[in-house]
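The residues making up each chain are set out below.
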Amino acid sequence: MQVVVAEGRMREEILDATFPVWNEGLTREAYDRWNAAQLRTPWGAEHLRRFALVDDRGRWVATAKRYLWPMRLDGVEGTMCGFGAVFTRPEERGRGYAATMIERLIEQSRAEGAAVAGLFSEIGERFYERLGFRTVPLDEFDVHVDRRNGAPAMLVRFGHDRDLPGLAAMHAVRCADVAFALRRDPSLIEYALTKKRLLAGLGHRAAPGAQRQIEFFVAEEGASAVAYVVLTVSSGGWTIEEAGDRDPAGARLGAILQVLIAREPSRATPLIRTWWPPAMPVPPQMRLLNRVPARDIFMMRPIADLRIPSRAEDVFYWRSDYF
Ligand SMILES: CC(C)(COP(=O)(O)OP(=O)(O)OC[C@H]1O[C@@H](n2cnc3c(N)ncnc32)[C@H](O)[C@@H]1OP(=O)(O)O)[C@@H](O)C(=O)NCCC(=O)NCCS
């Protein structure tokens with residue numbers, strides 16, 4: 001058995017097999033384009049690859065996507081190999097192929113410098129716990145934003161690529177004292193935005209309940225972004241995917257949210273959900289309510305001699321970087 005990069009015909013077969021599980025409401029063709037386009041982004045081309053475990057006859061039996069996420073853990077800057085879309089052919093399940101593939105990919109990633117492995121489990125904790133992964137707590141909240149009579153007087157505009165260095169700088173400051181965080185440079189942030197925009201764009205013909213829209217707004221001073229928010233808007237409400245404010249009080253971020261809500265004064269405030277890193281200040285116009293563990297289970301396993309964070313306070317992670 002060996003692990004290979006899944007390309008050409010093998011990639012097509014894998015997309016056919018995984019489409020029913022991860023189609024996100026897309027057509028089969030759009031699912032193909034969504035996957036291909038992520039690999040063509042500057043960040044994706046360098047950090048994301050789809051692998052397959054092939055048997056002695058060269059037939060794939062299991063597959064996964066592997067990301068190399070730049071991260072910092074306990075002061076050590078390194079890489080987290082992240083696994084997504086772990087999948088075994090239905091007729092080959094229960095033979096240890098997924099476990100073998102993950103072990104091989106971890107070994108390979110170790111050789112490429114990865115210090116930890118990470119994933120979001122859709123099948124509970126047990127399977128991955130047996131492989132040495134441990135759950136890393138992430139908190140999910142409902143967000144209450146104080147509604148004002150009208151919008152606060154502040155310039156809010158669409159975000160642009162030229163804002164990304166400012167976003168990266170805000171992130172670096174906010175997560176500086178937290179044990180675990182991704183090192184989000186402009187190209188990673190661009191990837192996170194592009195991935196969501198592609199999904200929204202390719203899904204424009206999806207059933208109304210599955211349609212979504214990505215909104216990226218900044219508040220600026222001089223010509224540079226000083227606060228921002230990225231939202232997914234769907235029929236279920238808004239998700240704050242990521243946010244930032246150069247000021248530690250976060251008042252400009254709160255004002256952006258008030259401006260966005262004031263766009264539709266006659267409508268009820270949408271249901272707003274978020275993963276909010278504990279180290280991120282909560283703007284004075286906002287309250288976080290109904291804390292629950294994030295529905296997506298984040299798990300990590302050490303590869304080098306590092307401690308996996310066990311408290312939400314030790315993690316700075318936005319929904320934007322779900323993989
Ligand atoms: C999960 C999956 C990748 C496991 O592949 P596999 O090659 O059969 O895995 P292994 O042989 O290494 O391990 C089998 C174990 O998987 C676990 N498992 C499989 N499906 C599971 C599920 N839905 N929930 C929890 N555990 C599951 C079982 O505990 C099984 O253990 P058992 O042998 O004690 O019954 C495979 O079932 C699959 O492709 N499922 C559909 C896609 C999916 O949900 N992927 C996971 C995304 S996080």
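Asker: Would you mind going over the side chain of threonine 18 with me for this structure?
Answerer: Relative to the helices and strands, threonine 18 is located in helix 1 (residues 8-22). A distance of 2.7 Å separates a polar atom in the side chain of threonine 18 from a polar atom in the side chain of tyrosine 31.

Asker: How should I be thinking about the packing of helix 6 (residues 164-174) against helix 7 (residues 186-202) in this particular structure?
Answerer: Helix 7 packs onto helix 6 with a crossing angle of 105° between their chain directions and a minimal axis gap of 8 Å. Relative to helix 7, the element helix 6 is oriented roughly perpendicular. Contacts between helix 6 and helix 7 pair Leu164, Pro165, Leu167 and Ala168 from the former with Pro186, Ile189, Glu190 and Leu193 from the latter. Tallied by class, residues from the contact of helix 6 with helix 7 come to 7 nonpolar, no polar and 1 charged.

Asker: Quick question: what am I supposed to make of the sheet that holds strand 7 (residues 139-145) here?
Answerer: What holds strands together in a sheet is hydrogen bonding between their backbones, with the strands either parallel or antiparallel. One open sheet holds the 7 strands; their spatial order is 8-10-11-12-13-7-14, and the pairing between them is mixed. In this open sheet, the two edge strands, each paired with only one partner strand, are strand 8 (156-158) and strand 14 (286-293). Between one strand and the next, the sheet's axes are offset by a mean angle of 30°, whatever the strand orientation. Pairing between strand 11 (residues 224-234) and strand 12 (residues 237-245): 8 bridges, direction antiparallel. What sits directly across from threonine 232, in strand 12, is threonine 239. In this fold helix 8 (residues 251-262) packs onto strand 7, strand 8, strand 10 (212-221), strand 11, strand 12, strand 13 (272-275) and strand 14, with an angle of close to 45° to the strand it touches most, strand 11.

Asker: Which parts of the structure should I look at to understand the site of the ligand?
Answerer: Contacts to the ligand come from 19 residues, most closely from Val86, Thr88, Gly94, Gly96 and Arg130. Surface burial for the ligand is 69%, taken as the share of its 890 Å² of free accessible area covered by protein chains. In the shell around the ligand, the residues fall into 10 nonpolar, 4 polar and 5 charged.

Asker: Would you take a moment to explain the packing of aromatic side chains for this structure?
Answerer: For any pair of aromatic rings, the description rests on two quantities: the centre-to-centre distance and the angle between the ring planes. By the definition in use, this model includes 22 aromatic pairs. Measuring from centroid to centroid gives 4.8 Å for tryptophan 43 and tryptophan 69, while their planes differ by 35°, and the two rings are tilted. Of this pair, tryptophan 43 sits in helix 3 (residues 42-47) while tryptophan 69 sits in strand 3 (residues 60-73); the two residues are 26 residues apart in sequence, bridging distant segments of the chain. Each member of the pair, tryptophan 43 as well as tryptophan 69, is classed as buried. Between phenylalanine 180 and tyrosine 317 the ring centres are 6.5 Å apart and the planes differ by 10°, which places this aromatic pair in the stacked class. Of this pair, phenylalanine 180 sits in strand 9 (residues 180-182) while tyrosine 317 sits in the segment after strand 16 (315-316), and the two are 137 residues apart along the sequence. Summarising the burial analysis for this pair, phenylalanine 180 and tyrosine 317 share the class buried. Taken together, the ring pairs connect Trp43, Tyr67, Trp69, Phe120, Phe180, Tyr191, Trp275, Phe298, Tyr317, Tyr322 and Phe323 into an aromatic cluster. Above the face of the phenylalanine 87 ring, arginine 93 is positioned so that its terminal group lies 5.1 Å from the ring centre. Over the ring of tyrosine 322 we find arginine 319; its NZ or CZ atom is 4.6 Å from the centre of that ring.

Calculation rules
- Position numbers for residues count from 1 along each chain, tracking the sequence in the order it is written.
- The predicted origin of the model limits local features to residues at a pLDDT of at least 70 and limits the giving and counting of side-chain atom pairs to 80 or more, whereas totals for whole chains, interfaces and linings rest on all residues.
- Side-chain measures were taken over the full set of non-hydrogen atoms in the model, leaving aside hydrogen atoms and water.
- Each helix is a run of H or I in the DSSP string that is no shorter than four residues. Each strand is a run of E no shorter than two, and both are numbered from the N terminus.
- Within 3.5 Å is the distance limit for a polar contact, defined as a pair of N or O atoms, with the added protein rule that one can donate a hydrogen and the other accept it, and that residues adjacent in sequence qualify only through two side-chain atoms.
- A fitted line through C-alpha atoms serves as each axis, taken over the contacting stretch for helices, and the angle formed by two N-to-C directions is quoted from 0 to 180°.
- An angle counts as roughly parallel when it lies under 35 degrees, as roughly antiparallel when it exceeds 145, as roughly perpendicular when it falls between 65 and 115, and as oblique in every other case.
- Should any heavy atoms of two residues lie within 4.5 Å, those residues are considered in contact.
- When residues are grouped by polarity, Ala, Val, Leu, Ile, Met, Phe, Trp, Tyr, Cys and Pro land in nonpolar, Asp, Glu, Lys and Arg in charged, and all others, Gly among them, in polar.
- Strand pairing requires that DSSP identify at least two bridges connecting the strands.
- Here a residue counts as near a molecule or strand whenever at least one of its heavy atoms sits within 4 Å of it.
- Residue exposure ignores everything except the shown protein chains as possible cover, and the areas themselves are Shrake-Rupley values with a 1.4 Å probe.
- The aromatic pairing rule takes the rings of Phe, Tyr and Trp, using the six-membered ring of Trp, and pairs them if the centres are within 6.5 Å, calling planes under 30 degrees apart stacked, those over 60 edge-to-face and the rest tilted.
- Only protein chains enter the accessibility calculation, which uses a 1.4 Å probe. A residue is then buried if its area is under 20% of the maximum for its type, exposed if over 50%, and partly exposed in between.
- Remark: a charge is flagged as sitting over a ring if the NZ atom of Lys or the CZ atom of Arg is within 6 Å of the ring centre and within 35 degrees of the ring normal.

The values are spatial; any link to function lies outside them.
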